[in-house]
There are 2 protein chains.
Amino acid sequence: MLSQTAEYALRAMACLALRPDELVATSVLAEQTKVPNDYLAKVLQHLSSADLIQGRRGVGGGYRLARPATTINLLDVINAIDAIKRIESCPLGLPNHGPMLCPVHRRLDQAAAALIELFNGVTLHDLIADPMSSKPLCDAKATAKLGIEGTLSDRRPGKGPAPKA
Amino acid sequence: MLSQTAEYALRAMACLALRPDELVATSVLAEQTKVPNDYLAKVLQHLSSADLIQGRRGVGGGYRLARPATTINLLDVINAIDAIKRIESCPLGLPNHGPMLCPVHRRLDQAAAALIELFNGVTLHDLIADPMSSKPLCDAKATAKLGIEGTLSDRRPGKGPAPKA
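Residues numbered from 1 in each chain as written. Chains lettered and ligands numbered in written order. Predicted model: local features only at pLDDT ≥ 70, side-chain atom pairs only at ≥ 80, totals over all residues. Heavy atoms only, no water.

Novice: Got a minute to help me understand the overall build of chain A in this structure?
Specialist: Broken down by element type, chain A carries 7 helices and 2 strands. Burial status across chain A gives 48% buried among its 165 residues. In chain A, of all internal contacts separated by at least 6 residues, the share reaching a separation of at least 24 is 59%. Summing over all exposed atoms, chain A offers an accessible surface of approximately 8,000 Å²; the carbon and sulfur share of this is 51%. (Helix = DSSP H or I, 4+ residues; strand = E, 2+ residues; numbered from the N terminus. Buried < 20%, exposed > 50% of the residue type's maximum accessible area, 1.4 Å probe, protein only. Contact = heavy atoms within 4.5 Å. Areas by Shrake-Rupley, 256 points an atom, 1.4 Å probe, with all protein chains shown as cover.)

Dropping the structure here:
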């Protein structure tokens, strides 16, 4: 459905959304997302080119979200990698189909529209604030490392590690 | 969203659904679907392995649907090429996520479920019987060649070419 690369991009963006005030090194993101470092570096370049993240090189460098997680939806992330495209005219170029599309491509276009609607309606903030399940990509160990309890609404005083490592 | 190969498979199956009583040569299907002949031959092998089509080699050989178009849905065709898979457990193998999934993968699973529902609900017959638009993949010239008016409910006596070429 989505490419593996787009799914990796979603992993990385969810991790960055959990640490909005920090530059996160690629190596740290690679460990958290379980994506090979070199592969992730290319994914991050695409996300940076799409102005979804900002990077800084050198010691202490890394990436952070370019804008608040409330303003980045999943479709933004997916489209930065492999855009989900509506079918606007016959892919075979048949002149008597034109924009009307035949039933095959009309159904495929409906599927694209459904995915666009779904992913457009969910922000990165929705993911990290979701009260119904575990935090994105984080196991207990990773959660402790990330200190995400400092960024989440379900933080309870005196529980868990300090907000910043 | 779908792979190009899956989309080619849908094209080929729609063409075969328009000629349920004939063996259609790969070269004819390649022309109709505008898919390169060698590429299409591999797609057809996958569809045959999935028991969606039956082939016969040699002069006069080709492919036909293995069962009526009313019993083959678009999901069958897509799954024969690149299955749309639900996400049943954490792709990162995080032990505390398990089948509950984190919000990232839960949304991706929702998207997979939506596509499965959509494609499962449409048969090849629905495509060729759709009264709302042009016939699948067929321009006027191709329609005449195929003689599809002999297979469609909107046939009118005395109109169009003979049902069989």
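Novice: Teacher, can you tell me more about helix 3 (residues 37-49) of chain B here?
Specialist: Residues and elements named next belong to chain B. When the terminal C-alpha atoms of helix 3 are compared, their 18 Å separation across 13 residues agrees well with the 18 Å that a helix rising 1.5 Å per residue should span. Turning to helix 3, its buried residues are Leu40, Val43, Leu44 and Leu47. Buried residues in helix 3, looked at end-on, bunch into an arc of 100°, giving them a common side. The outward face of helix 3, more than 90 degrees from its buried face, is lined by the exposed residues Asp38, Lys42 and Ser49. (Expected span 1.5 Å × (residues − 1). Arc of directions from axis to C-beta.)

Novice: It is not clear to me how the pattern of salt bridges should be interpreted in this structure. Could you clarify?
Specialist: Pairing between side chains of opposite charge can happen when the charged atoms of each approach one another. Residue and element names in this part refer to chain B. For the structure on display, the rule yields 8 salt bridges over all chains. Among the salt bridges present, the one from glutamate 7 reaches arginine 11, with a minimum N-O distance of 2.9 Å. With glutamate 7 and arginine 11 both in helix 1 (residues 4-17), this residue pair falls 4 residues apart, about one helical turn. Given a relative accessible area of 9%, glutamate 7 falls into the buried group. (Salt bridge = Lys/Arg side-chain N within 4 Å of Asp/Glu carboxyl O.)

Novice: I would appreciate a short explanation of the packing of helix 3 of chain B against helix 4 (residues 74-81) of chain B in the present structure.
Specialist: For any two helices packed against each other, one specifies the crossing angle of their axes together with the interaxial distance. Residues and elements named next belong to chain B. Running from N to C, helix 3 and helix 4 cross one another at 115°; their axes reach a closest spacing of 9 Å. Comparing the axis directions of helix 3 and helix 4 gives the class roughly perpendicular. Helix 3 and helix 4 meet at a crossing whose hand is right-handed. Each of Val43, His46 and Leu47 in helix 3 lies in contact with helix 4, whose residues at this interface are Val77, Ala80 and Ile81. Counted by class, the contact of helix 3 with helix 4 contains 5 nonpolar, 1 polar and no charged residues. (Axes fitted to C-alpha atoms, helices over the stretch in contact; angles between N-to-C directions. Parallel < 35°, antiparallel > 145°, perpendicular 65-115°, else oblique. Left-handed = near helix turned anticlockwise from the far one by under 90°. Nonpolar A, V, L, I, M, F, W, Y, C, P; charged D, E, K, R; others polar.)

Novice: I'm lost on the pairing of strand 2 (residues 62-65) of chain B in this one. Help?
Specialist: All names here are of chain B. Judged from the 4 bridges that link them, strand 1 (residues 53-56) and strand 2 form a sheet pairing that is antiparallel. Of the residues in strand 2, the one forming a bridge with glutamine 54 is arginine 64. Count of turn residues in the strand 1/strand 2 antiparallel hairpin: 5 residues, of which glycine 58 carries a positive phi of about 90°. (Pairing = 2+ DSSP bridges.)

Novice: Teacher, can you tell me more about the packing of aromatic side chains here?
Specialist: Pairs of aromatic rings are described using the distance from one ring centre to the other and the angle between the two planes. Residues and elements named next belong to chain A. Throughout the structure, instances matching the rule amount to 2 aromatic pairs over all chains. With 5.1 Å between their ring centres and 75° between their planes, tyrosine 8 and tyrosine 39 make a pair best called edge-to-face. Of this pair, tyrosine 8 sits in helix 1 (residues 4-17) while tyrosine 39 is found in helix 3 (residues 37-49), placing the two residues 31 residues apart along the sequence. A residue is classified by how much of its surface remains accessible, and tyrosine 8, at 13% relative accessible area, is buried. (Phe/Tyr/Trp six-rings, centres within 6.5 Å; stacked < 30°, edge-to-face > 60°.)

Novice: For this particular structure, what's the right way to read the nonpolar core?
Specialist: Inside soluble globular proteins, nonpolar side chains tend to come together where they are buried. The biggest cluster of nonpolar side chains holds 93 residues, and the ones touching the most others in it are Leu47 and Phe119 of chain A together with Met13, Leu47 and Phe119 of chain B. Residues within four places of phenylalanine 119 of chain A in sequence aside, it is in contact with Leu2, Asn73, Leu74, Leu75, Ile78 and Ile84 of chain A together with Arg107, Leu108 and Ala111 of chain B. (Core = buried A, V, L, I, M, F, W, Y, C linked by side-chain atoms within 4.5 Å.)

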